[in-house]
There are 2 protein chains.
Amino acid sequence: MSQKIYVGVDVGGTAIKVGICDAEGALLHTYEGPTETSKGADAILHNIAQYARDIVDQSPFEWEQVEGVGVGIAGFLDIPKGFVKYSANLPLKNVDLKGFLEEKLQVKVLINNDANVAALGEAWAGAGKGIGNCVCYTLGTGVGGGIIINGKIVEGFSGMAGELGHMAIVPDLEAIQCGCGKMGCLETVSSATGIIRMAKDAVARGDRTSLSTVDNIMAKDVIDAAKEGDEVAARIVARAAYYLGRSMAQIAVVLNPECFIIGGGVSKAGEYLFAQIREVFEKYTQDEAKENVKIIAAILGNNAGVVGAAGLILKDNK
Amino acid sequence: MSQKIYVGVDVGGTAIKVGICDAEGALLHTYEGPTETSKGADAILHNIAQYARDIVDQSPFEWEQVEGVGVGIAGFLDIPKGFVKYSANLPLKNVDLKGFLEEKLQVKVLINNDANVAALGEAWAGAGKGIGNCVCYTLGTGVGGGIIINGKIVEGFSGMAGELGHMAIVPDLEAIQCGCGKMGCLETVSSATGIIRMAKDAVARGDRTSLSTVDNIMAKDVIDAAKEGDEVAARIVARAAYYLGRSMAQIAVVLNPECFIIGGGVSKAGEYLFAQIREVFEKYTQDEAKENVKIIAAILGNNAGVVGAAGLILKDNK
């Protein structure tokens, strides 16, 4: 019998990425086309189906080898039914994405949210390869996440599992309000947005920092300044690392994962950041729950989404 | 074919409890005998096997109807292998409990730690009946716990999942050291021990409280005084509730369980305590992650262990 292949689709606001994976999660082909958000829901649905067809047409594989199509998408989903309830950056509202694609493509289709899918990609075929229990953080504009137990995504009662950015980890005395309306969420300090905010506050306060000469401060500027010895910048990065480490210390005794995987733009700070996170994690985590637990960088980058989406089919995360 | 039955064993330092459950977790028979800890490991192993035989002999069922025997036991275990590595209150060290019982009883045997097993009991056939995703707290001398996802125990990489008492939840400024050596663990404030400590501190400080006339303060004394309007006692219980609520707020965005179940001696404070926990949970949990999430009392009491142990077999938590 011919080799089975798994198609993963990562639906973003600008582009739809598509990939073909084998049963081990190796990414054999990739393809990308415009989402065409401005043309509305029908165009987006049509594009998803078309690009899935296209990538197989352009590969050495036949459509008959496709075991299924997995789709990762940002938004509030009814995962078992395969509905997109709504999405912040796509004009999809109460759309039966799974039903549409299964009819169009005549294969099994599974959908899940983009953060969960990226976590599954890293856990299955990226930094967590061979490790069944991983917790993934994505440090970007916000702090996203995904929980993988026994190789499967934990979705939670309302699909809110893995929303690590909203762990209320900052004590009241120094908490600020998060975009979600609550006080002290992890992403108020450990996201790129949080780092930029702390830097701008420091400059506005008149702290002596090289950042005061930077026009439009980005998280990378803060990290670079910290690495170059700017004490104000270093304190900001240390604070971001501190609350990441504390959040992991808590998760360590709730789920006791084998591995924490950190991706997203801020993670490019590399060992400078990771060493600080590990130090805090060591300090606050009970000995048995931290033994041999790894805190490592994601390795799939922007491909985590398509790989994880393909993985949905293999893992059959309904 | 005749009805299948499931035998659960709860091995404590003083007594071994045994129960027979049906496939729905209804407890059909119970039996209890002395552990005989002082007679050493062989006697304990023999007693476990004997009591499992005894309960079936004394019931209307035949041994042939037994699908398996599940065992809950306090200690560090190698769960897949069924070994007891060591136990704080039983003279068992590197004992092949599963192998011994399978040879003696000629049925499938599974072991797991007592807190996980009690959580499974409550989730499967107690307060969480019909709910697949629960997080269970036991508020006793310490704070124990167990995580049930899709009806199964989450064990974690080193068996440390569900060690909720060691969530480092108290901020540094007001943290004290836990028995585990770390600072700010949940059980330093929310266990019976924590409540008693805070009460004794208050009395020693000279705070005006009715507790200053109590000889040997127990957690129940503090809770009773709080309910009767003693402000110092009320503040102590509020603090215990506060950190419980905050820990649940964090778990809500990590696992998004449908239900938090609280058992153990301190939970007997009832709605007085639960209402305070819910208020904090509401305040710190993102809206979608708390929607329809319940915080409720355990209902099986001391039977949670035997029911959950029987459940190990049905759920086949290896």
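- An unreviewed UniProt entry lists chain A under the name Glucokinase, from Paenibacillus thailandensis.
- Regarding chain A, the UniProt comment filed under Sequence similarities (unreviewed entry) reads as follows: "Belongs to the ROK (NagC/XylR) family."

**Points about empty space enclosed by the protein**
Move 1: Summed over all chains, the structure comprises one cavity of 30 Å³ or more.
Move 2: In this structure, the largest cavity spans a volume of roughly 40 Å³.
Move 3: If you trace the largest cavity, you find it lined by Val-154 of chain A together with Asn-133, Cys-134, Val-135, Ile-147, Ile-148, Ile-149, Leu-255, Asn-256 and Pro-257 of chain B.
Move 4: Going through the elements one at a time, strand E9 (134-139) and strand E10 (143-149) of chain B are the ones with two or more residues in the lining of the largest cavity.
Move 5: Looking at which element gives the most residues to the lining of the largest cavity, the answer is E10 of chain B, with three residues.
Move 6: The residue inventory of the lining of the largest cavity, partitioned by class, reads eight nonpolar, two polar and no charged.

**Quick look at the relation of the copies chain A and chain B**
Move 1: Rotating chain A by 180° and moving it 0.0 Å along the rotation axis overlays it on chain B with an RMSD of 0.0 Å. Both chain copies can therefore be described as sitting about a two-fold axis. Judged by C-alpha distance, Pro-171 of chain A is the residue of chain A that lies nearest the rotation axis, at 3.2 Å.
Move 2: Taken as a fraction of all interface residues of chain A, those also at the interface in chain B reach 100%, which identifies the copy contact as same-surface.

**What to know about the interface of chain A and chain B**
Move 1: Each partner contributes to the interface: chain A provides 49 residues, whereas chain B provides 49 residues.
Move 2: With both chains or domains summed, chain A and chain B bury close to 3,700 Å², and 56% of this area falls on carbon and sulfur atoms.
Move 3: Broken down residue by residue, the surface that chain A buries against chain B is led by Phe-157, Lys-182 and Val-254 of chain A, which jointly contribute 19%.
Move 4: At the surface where chain A touches chain B, the tally comes to two salt bridges.
Move 5: Linking chain A with chain B are 22 residue pairs in polar contact (both at pLDDT 80 or more), by the criterion used here.
Move 6: Secondary structure elements with two or more residues in the side of chain A that touches chain B: strand E10 (143-149), helix H7 (231-254), helix H8 (271-284) and helix H9 (287-290) of chain A.
Move 7: Broken down by element, the side of chain A that touches chain B gets its largest block of residues, seven residues, from H7 of chain A.

What counts and what doesn't
Residues numbered from 1 in each chain as written. Chains lettered and ligands numbered in written order. Predicted model: local features only at pLDDT ≥ 70, side-chain atom pairs only at ≥ 80, totals over all residues. Heavy atoms only, no water. UniProt positions renumbered as here; feature names shortened; annotations may be inferred. 1 Å grid on protein atoms, 1.4 Å probe; cavity = no way out; pocket = protein on both sides within 12 Å on 5 of 7 lines; lining within 4 Å. Points joined across faces, edges and corners; volume = space filled by probe spheres on them. Helix = DSSP H or I, 4+ residues; strand = E, 2+ residues; numbered from the N terminus. Nonpolar A, V, L, I, M, F, W, Y, C, P; charged D, E, K, R; others polar. Least-squares fit on C-alpha atoms with pLDDT ≥ 70 in both. Contact = heavy atoms within 4.5 Å. Buried area = accessible area lost by both parts, 1.4 Å probe. Salt bridge = Lys/Arg side-chain N within 4 Å of Asp/Glu carboxyl O. Polar contact = N/O pair within 3.5 Å; in protein donor to acceptor, adjacent residues only side chain to side chain.

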